[in-house]
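# Residue-level structural notes
Okay, here's what each chain looks like letter by letter:
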Amino acid sequence: QVQLVESGGGLVQAGGSLRLSCTTSGISRSINVMAWYRQGPGKQREWVASQPSDGSTRYADSVKGRFTISRDNAKNTAYLQMNSLKPEDTAVYYCNAATTRGSWWGQGTQVTVSS
């Protein structure tokens, strides 16, 4: 079965950094796009960053310049480096992988940024 497992979440103070990882397994087709989403308390899930297989990157305005998405295709893993974290970054972060077969979500990892 397809599985996406996020890791790296935790509690940090404002200005700190975290590196999230998303390891995929069971995906038979190549991953076209890896992406990160987040959902804060009382908010809708929002797109944060994505990286298609061509290596390009896209970011939401709210995280541009602070977050960096990357992927290691050999390891079937995506990363989200988060720097200069702000309290408003507090959310459950979800990894998403899209292939020609479909799209899958991880269970999410909690990121809490204290002021």
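Worth saying up front: this structure is predicted, and the values here are computed from it rather than measured.

A few words now on the state of the cysteines. With the rule as written, the count across this model stands at one disulfide. For Cys-22, the disulfide goes to Cys-95, at an S-S distance of 2.0 Å. Since a negative S-S torsion denotes a left-handed disulfide, the Cys-22-Cys-95 link at about -85 degrees is left-handed. Here the residue Cys-22 occupies a position in strand 3 (residues 18-25), and Cys-95 occupies one in strand 9 (residues 91-99), the gap between them amounting to 73 residues. Cys-95 carries the same exposure label as Cys-22, and that label is buried.

On to the nonpolar core, then. Core analysis: the biggest nonpolar cluster contains 28 residues, and Leu-4, Trp-36, Phe-67, Leu-80, Met-82 and Tyr-93 have the highest contact counts within it. Counting only elements with at least two residues in this core, the list comes to strand 3, strand 4 (31-39), strand 5 (46-52), strand 7 (67-72), strand 8 (77-82), strand 9 and strand 11 (109-114). Per element, the largest residue contribution to this core is four residues, and it comes from strand 9.

Cut-offs and rules
- Residues numbered from 1 in each chain as written.
- Predicted model: local features only at pLDDT ≥ 70, side-chain atom pairs only at ≥ 80, totals over all residues.
- Heavy atoms only, no water.
- Disulfide = S-S within 2.5 Å.
- Helix = DSSP H or I, 4+ residues; strand = E, 2+ residues; numbered from the N terminus.
- Buried < 20%, exposed > 50% of the residue type's maximum accessible area, 1.4 Å probe, protein only.
- Core = buried A, V, L, I, M, F, W, Y, C linked by side-chain atoms within 4.5 Å.

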